[in-house]
Each structure stands twice: as structure tokens, then as C-alpha cells.
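Overview (structure and organization)
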Amino acid sequence: MPDLAEIRETGNGGLEIVGVIDFYTSPELLKHARARMKSGGNLEINFAGVERVDSSGAALMLEWLREAHKHNIELRYTGLPEMLLSLLSVCGLEGRLPI
């Protein structure tokens, strides 16, 4: 059975990811965040609750950024755990994402 992930709405109108971001959980995370991005404005996605992440996490972040640009949303990623920062560095993405 795959590990679980959840996106929660935060008090400031942002999103918080809790659990594992991997090949199994990424499609649902993408779907939930896309639904939230239809409203415009600013959006903060907090990763502090992420327990584990694989390379699909980097792809997910890029897709969210593409969706945000499409809907004129200023997106910001916060609370990135060290494992995710290392992954982004290896992929050459740390300077391309709003972190």
C-alpha cells in the first residue's frame, strides 16, 4: 500500500502538504492544488509537513508553477525540507522556483 499525502487549507488562504510526495500521491496533490488555483491572487504552498519526497515532487512543483502562471497567480513555496532542497539542487531547479 502506498504512503499517503494530504493538502490542507491554511488560515491565510494557502495550502499545506502533509505526508509523502511520490509517484502515487502526486496526481491527487496536483488535482487539489489546480482546483485552488482558479481563484487568482497569491498562493503559498507550505511543504513543512512533507515526510518524504521523490523526483515526482520536483515535477509537481514545476506543474503548479505553470498552472499559477496560467491563472496569473503569484505562487510561493515555503517550508521546504532539506531532502526536497537537495533534490531541487541536483535537478538544477533551485533558482527556477519561487522558494
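The present account deals with the structure reproduced in this document. These numbers were taken from a predicted model, which means no experiment stands behind them.

1. Details of the packing of helix α1 (residues 26–36) against helix α2 (residues 56–70)
Where α1 contacts α2, the axes come no closer than 10 Å and their chain directions differ by 20 degrees. On the basis of the axis angle, α1 is roughly parallel to α2. Both α1 and α2 take part in a crossing whose hand is right-handed. Touching S26, L29, L30, A33 and R34 of α1 are S56, L60, E63, W64, R66 and E67, all from α2.

2. Some details on the nonpolar core
Among the nonpolar cores identified, the biggest contains 28 residues, and I17, I45, F47, W64, L75 and Y77 are the most heavily contacted of them. Going through the elements one at a time, β2 (15–21), α1, β3 (41–53), α2, β4 (73–78) and α3 (82–90) are the ones with two or more residues in this core. If you tally residues by element for this core, the top one is α2, at 6 residues. Residues within four places of I45 in sequence aside, it is in contact with L15, I17, W64, L75, R76, Y77 and T78.

3. Re the pattern of salt bridges
Per the counting criterion, the structure on display carries 8 salt bridges. Across the pair E67 and R66 runs a salt bridge, and its minimum N-O distance is 3.1 Å. Overall, E67 belongs to the buried group, its relative accessible area being 4%. Taking the relative accessible area as the measure of exposure, R66 reaches 41% and is therefore partly exposed. A salt bridge links E67 to K70, with the shortest nitrogen-to-oxygen separation between them at 3.5 Å. On the criterion of helical spacing, the pair formed by E67 and K70 is a turn pair, its members being 3 residues apart in helix α2. With a relative accessible area of 52%, K70 lands in the exposed category. A single salt-bridge network, built from bridges that share partners, covers R34, E63, R66, E67 and K70.

Scoring rules and cut-offs
Residues numbered from 1 in each chain as written. Predicted model: local features only at pLDDT ≥ 70, side-chain atom pairs only at ≥ 80, totals over all residues. Heavy atoms only, no water. Axes fitted to C-alpha atoms, helices over the stretch in contact; angles between N-to-C directions. Helix = DSSP H or I, 4+ residues; strand = E, 2+ residues; numbered from the N terminus. Parallel < 35°, antiparallel > 145°, perpendicular 65-115°, else oblique. Left-handed = near helix turned anticlockwise from the far one by under 90°. Contact = heavy atoms within 4.5 Å. Core = buried A, V, L, I, M, F, W, Y, C linked by side-chain atoms within 4.5 Å. Buried < 20%, exposed > 50% of the residue type's maximum accessible area, 1.4 Å probe, protein only. Salt bridge = Lys/Arg side-chain N within 4 Å of Asp/Glu carboxyl O.

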